Structures are given as structure tokens and as C-alpha cells.
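# Residue-level structure breakdown
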Amino acid sequence: MAQPTAPDPRATLRGGLPDRYLTPEDIASMFGVPLETVYQWRKKRTGPPGFRIGKHLRYDPTDVRAYVTGLKNSATAA
């Protein structure tokens with residue numbers, strides 16, 4: 001029997017907002033970048049805004065979508 005696979009976070013965002021906060025691993029997968037890049041974005045404040053729940057970094061899907069929309073709009077305006 002085939003093992004069930006985890007849903008693709010990108011498909012989840014395209015289809016509608018997930019019902020959970022995203023992890024740094026989700027963000028790396030969505031954008032196709034190494035996990036370290038996600039942490040560098042946070043450090044430099046250049047990527048989607050994240051927040052801490054205790055010691056865990058999480059991202060609100062609404063904020064991630066707004067970040068992507070902002071990137072797309074700035075690319076269109078340039």
C-alpha cells in the first residue's frame with residue numbers, strides 16, 4: 001500500500017487559506033528555497049512576517065498571501 005503524502009502547502013494556499021499557522025518548513029516548501037533562507041528573511045525583515053508562539057516560529061497564511069500579493073504588485077508596477 002502507498003503511504004499517504006502530506007498535502008502540498010502551495011496547493012493549500014491556492015485553494016484557500018489553511019486552517020493552521022504555517023511553519024518555516026512550509027514557507028521554504030512554498031517558495032522553493034532552503035530553510036536557512038526563510039530564517040535569513042526573518043532576520044533581515046525581508047520575507048513574509050512571522051511571529052513566535054513560545055519558542056516556535058509561525059506564519060499566518062493571510063500575511064503570507066498579502067506578502068506575495070505585494071511582491072506581484074511591485075513587480076507589475078516596475
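First things first, this report covers the structure right here in the doc. (Residues numbered from 1 in each chain as written. Predicted model: local features only at pLDDT ≥ 70, side-chain atom pairs only at ≥ 80, totals over all residues. Heavy atoms only, no water.)

### Thoughts on the nonpolar core
Most often, soluble globular proteins keep nonpolar side chains buried together rather than apart. We apply this condition: What is meant by a nonpolar core is a set of buried Ala, Val, Leu, Ile, Met, Phe, Trp, Tyr and Cys residues, joined one to another through side-chain atoms within 4.5 Å. The cut-offs for exposure are 20% and 50% of the maximum accessible area for each residue type, with area from a 1.4 Å probe on protein chains only; residues under the lower value are buried, those over the upper are exposed, and the others partly exposed. Numbering of helices and strands runs from the N terminus; a helix is a DSSP stretch of H or I covering at least four residues, while a strand is a stretch of E covering at least two.
Counting eight residues, the largest nonpolar core consists of Leu 22, Ile 27, Ala 28, Met 30, Val 38, Leu 57, Tyr 59 and Val 64. In terms of residue count, the dominant contributor to this core is helix α2 (residues 24–31) (three residues).

### Examining the packing of α2 against helix α3 (residues 35–44)
Counted only if it meets this: Simply put, an axis is a line fit to the C-alpha atoms, just over the touching stretch for a helix, and the angle between two N-to-C directions goes from 0 to 180 degrees. If an angle is under 35 degrees, it is roughly parallel; if it is over 145, roughly antiparallel; if it lies from 65 to 115, roughly perpendicular; otherwise it is oblique. Throughout, a contact is declared for two residues whenever any of their heavy atoms are within 4.5 Å. Under the scheme applied here, ten amino acids are nonpolar (Ala, Val, Leu, Ile, Met, Phe, Trp, Tyr, Cys and Pro), four are charged (Asp, Glu, Lys and Arg), and all others, including Gly, are polar.
Interaxial distance between α2 and α3 falls to 8 Å at its minimum, and their mutual angle equals 110°. By the criterion of interaxial angle, the relationship of α2 to α3 is roughly perpendicular. For the pair formed by α2 and α3, the contact residues are Pro 24, Glu 25, Ile 27, Ala 28 and Phe 31 on the first element and Leu 35, Val 38, Tyr 39 and Trp 41 on the second. Looking at the contact of α2 with α3 residue by residue, the classes come out as eight nonpolar, no polar and one charged.

### Looking at unusual backbone geometry
Note: most peptide bonds trans; most residues except glycine with negative phi. Even without being a glycine, Arg 45 presents a positive backbone phi close to 60°. Secondary-structure assignment places Arg 45 in the loop between α3 and β1 (50–53). Given the relative accessible area of 78%, Arg 45 is considered exposed.

### Quick notes on the pattern of salt bridges
Quick note on the threshold: The salt bridge definition used is simple: a Lys or Arg side-chain nitrogen within 4 Å of an Asp or Glu carboxyl oxygen.
The final tally for this structure, using the stated rule, is one salt bridge. In this structure, Arg 20 and Asp 26 form a salt bridge, with 2.7 Å as the shortest nitrogen-oxygen distance. Residue class for Asp 26 comes out buried when judged on its relative accessible area of 11%.

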